[in-house]
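Chain and residue survey
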Amino acid sequence: MAILRSRTTTANKALTQYKDDLDAGSGPGTAKIYSGTMPATPETAATGTLLAELVLAKPCGVVAGKKLTFSAITQDLEANNTGVATYVRLADSDGNAVIDGDVTSTGGTGVLKLNVTLITAMGPVFINSFELSIN
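In this report, we go over the structure that sits alongside the text. (Residues numbered from 1 in each chain as written. Predicted model: local features only at pLDDT ≥ 70, side-chain atom pairs only at ≥ 80, totals over all residues. Heavy atoms only, no water.)

**Notes on the overall build of the chain**
Stated formally: Numbering of helices and strands starts at the N terminus; helices are DSSP runs of H or I of at least 4 residues and strands are runs of E of at least 2. The globule rule used here is 2.2 Å times the number of residues to the 0.38 power, and the radius of gyration it is set against is calculated over C-alpha atoms. A simple rule labels every residue: compare its accessible area, found with a 1.4 Å probe on the protein chains alone, to the largest value its type can have, and call it buried under 20%, exposed over 50%, or partly exposed in between. By definition in these notes, contact holds between two residues if any of their heavy atoms fall within 4.5 Å. The accessible surface values rely on the Shrake-Rupley method and a 1.4 Å probe; as for residues, cover is taken only from the protein chains in view.
Per the secondary structure count, the chain includes one helix and ten strands. In terms of C-alpha radius of gyration, the chain reaches 15 Å, essentially the compact-globule figure of 14 Å for 135 residues. If one aligns the C-alpha atoms of the chain with their principal axes, the spans along those axes are about 45 × 40 × 30 Å. Residue burial in the chain is summarised as follows: out of 135 residues, 37% are buried. A separation of at least 24 residues holds for 65% of the contacts in the chain among residues at least 6 apart in sequence. Here the chain displays about 7500 Å² of accessible surface, and carbon together with sulfur accounts for 54% of that area.

See the structure below:
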């Protein structure tokens, strides 16, 4: 396994760029949860089935200590479709994808950990807390 460590100022600058990209546009960004295979890059069209769409705060969060800690994320009260969540796409309010990350259940190693990865259409989907970090 490769190990990469950054100094705090460098990590914070990178995370601030993510934050700024997610806050671009006139409104808040989104966290869209999909089933299927994660695309090769965020510039690639989303694949799989859109299961749920949650709305980020604006600004989306705060950067400190090599972490981007997201502010409260508005839940999706009625999921779009039924399926197993496999990846999340974070985008700005204009729909420009910024970050893709894997989704696992709590205890897993995914970027986003959900208590249950099976999402049911018309059911609620929420994220209690979410942060990105750079070591």
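There is more to say, and it comes next.
**Overview of the pattern of salt bridges**
Pairing is possible between side chains of opposite charge, provided their charged atoms come close. What counts here: A pair is scored as a salt bridge if a Lys or Arg side-chain nitrogen falls within 4 Å of a carboxyl oxygen belonging to Asp or Glu.
Under the counting rule described, the total for this entry stands at three salt bridges. The partner of Asp23 in a salt bridge is Lys19, with the nearest N and O atoms 3.2 Å apart. For the pair shown, Asp23 and Lys19 are each scored as buried. Put simply, Lys67 and Glu131 hold a salt bridge, and the shortest N to O gap is 3.6 Å. On the criterion of sequence distance, the pair formed by Lys67 in strand E4 (residues 67-70) and Glu131 in strand E10 (residues 131-133) is long-range, its members being 64 residues apart. According to the relative accessible area criterion, Lys67 is partly exposed, its value standing at 36%. For Glu131, a relative accessible area of 37% puts it in the partly exposed group.

**Overview of the environment of Ala121**
Inspection of the secondary structure puts Ala121 in the loop between strand E9 (118-119) and E10. Considered as a pair, Ala121 and Gly83 are 38 residues apart in the sequence and their alpha carbons are 8.2 Å apart. Beyond its immediate sequence surroundings of up to four residues, Ala121 is in contact with Ala79, Asn80, Asn81 and Thr82.

**Considerations on the sheet that holds E4**
Keep this limit in mind: Any two strands with at least two DSSP-identified bridges between them are counted as paired. Axes here refer to lines fitted to C-alpha atoms; in helices the fit is confined to the stretch in contact. Angles between the N-to-C directions go from 0 to 180 degrees.
Read from one edge to the other, the open sheet built from three strands follows the order E3-E4-E10, with strand pairing classed as antiparallel. In the strand order of this sheet, the two ends are held by strand E3 (61-64) and E10, each with one partner. Strand-to-strand twist in this sheet, taken as the mean axis angle between neighbours without regard to direction, amounts to 15°. In this sheet, E10 lies alongside E4 in antiparallel orientation, the contact comprising three bridges. Note on E10: the bridge partner recorded for Thr69 is Glu131.

**Details of unusual backbone geometry**
Each neighbour pair has its own omega, and for Lys58 with Pro59 the value is 0°, a cis peptide bond. Relative to the helices and strands, Pro59 resides in the loop between strand E2 (50-55) and E3. Unlike most non-glycine residues, Lys66 shows phi in positive territory, near 65°. Structurally, the position occupied by Lys66 is in the loop between E3 and E4. One non-glycine residue, Met122, adopts positive backbone phi at about 75°. Position of Met122 relative to the elements: it lies in the loop between E9 and E10.

Function cannot be inferred from these measures alone, as they are strictly geometric.
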